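The residues making up each chain are set out below.
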Amino acid sequence: MNESTPGQTDVRPAGTADTDEIQAHPAQKFGEDPLQVRDTDHYTNEYVKGFVEKWDDLIDWRKRYESEGSFFTDLLKSRGVKSVLDVATGTGFHSVRLIEEGFDTTSVDGSPEMLAKAFENGMSYGGHVLRVVHADWRWLSRDVHEKFDAVICLGNSFTHLFSERDRRKALAEFYSVLKHDGILILDQRNYDSILDNGFSSKHSYYYCGEEVVAEPEYVDDGLARFRYSFPDKSQYHLNMFPLRKDYVRRLLREVGFQRVETYGDFQETFAVDEPDFLIHVAEKD
Ligand code: SAM
């Protein structure tokens, strides 16, 4: 890892293949200076078809089921949740799982490509017809008129919002589609650890096997640019906002959630730097 100016980390982990050998993907359109792309609306350019399909081909849903265990479904059941709005459906992993567990599930995403893939996956994994809604979180209530027992925003999705105004707007919309005693479950990478300690090889993220490697390529207080490397040597990137844990907890409370509990890698007690993922459970009532 090379430290440059304070607060900025130009991350070049040992063992990374030559840049000639591995190419960033032009379909994602990050422009001439990818590090300046810090825009909430850019997410639809980042989840391009090739990336989404490759990702889904390589990540074995069964293995993902196993690594996640029954944490979310147990939590939802323990709160008596029946209806769930999955606001970050992506390719449908959680939506399908929830349907299989008997939850009345509606699947939202701002990317039509993602929703199409999720619908296809619903059919392939058990013949489930997903109820999909194309909506951006910031204007969710324009398209979603029901109220739900739970809203889930999983897979490090909230990180795509680049301004506080967008984050507040999205959280207020999540709050508004919940019943009076509803809960929001929102997860995120442990960016505190990345921002404070830099990147170490320990924090390469191998997704369900060794086939897809995700690692931060550049990090500062306003950007975490992650690189996703695939076995065919293609690379894709995501530009994300590095959310600090306490900041997210504060925002959740400020938009009106009464209680916020945070888990680290599915555990209630954890050392600050240890978990890769943090899961916030916010109660409306
Ligand atoms: N939850 C899924 C998973 O764990 O596999 C997908 C996660 S993917 C990292 C993030 C998803 O959030 C993408 O499908 C993206 O289109 C969606 N997304 C990001 N920003 C959004 C926004 N402002 N409104 C609606 N969807 C958004």
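Scroll up a little and you will see the structure.
A brief look at the structure comes next. (Residues numbered from 1 in each chain as written. Predicted model: local features only at pLDDT ≥ 70, side-chain atom pairs only at ≥ 80, totals over all residues. Heavy atoms only, no water.)

1. Here we look at helix 4 (residues 71–78)
Phe71, Phe72, Thr73, Leu75 and Leu76 are the residues of helix 4 that are buried. Gly80 sits one or two residues past helix 4 and shows a positive phi near 70 degrees. (Buried < 20%, exposed > 50% of the residue type's maximum accessible area, 1.4 Å probe, protein only. Helix = DSSP H or I, 4+ residues; strand = E, 2+ residues; numbered from the N terminus.)

2. Section: the packing of aromatic side chains
The final tally for this structure, using the stated rule, is 16 aromatic pairs. Ring geometry for Phe71 and Tyr263: centres 5.2 Å apart, planes at 80 degrees, overall edge-to-face. One end of the pair, Phe71, is in helix 4; the other, Tyr263, is in strand 13 (residues 259–264), and 192 residues separate them in sequence. With relative accessibility at 15%, the residue Phe71 sits in the buried group. Taking the relative accessible area as the measure of exposure, Tyr263 reaches 8% and is therefore buried. By the ring-pair criterion, three or more aromatic residues cluster together here, those being Tyr47, Phe51, Phe226, Tyr228, Phe230 and Tyr236. The residue whose ring lies beneath Arg225 is Phe30, and the NZ or CZ to ring-centre distance is 4.4 Å. Lying over the aromatic face of Tyr175, Lys284 brings its terminal NZ or CZ to 4.4 Å of the ring centre. (Phe/Tyr/Trp six-rings, centres within 6.5 Å; stacked < 30°, edge-to-face > 60°. Lys NZ or Arg CZ within 6 Å of the ring centre and 35° of its normal.)

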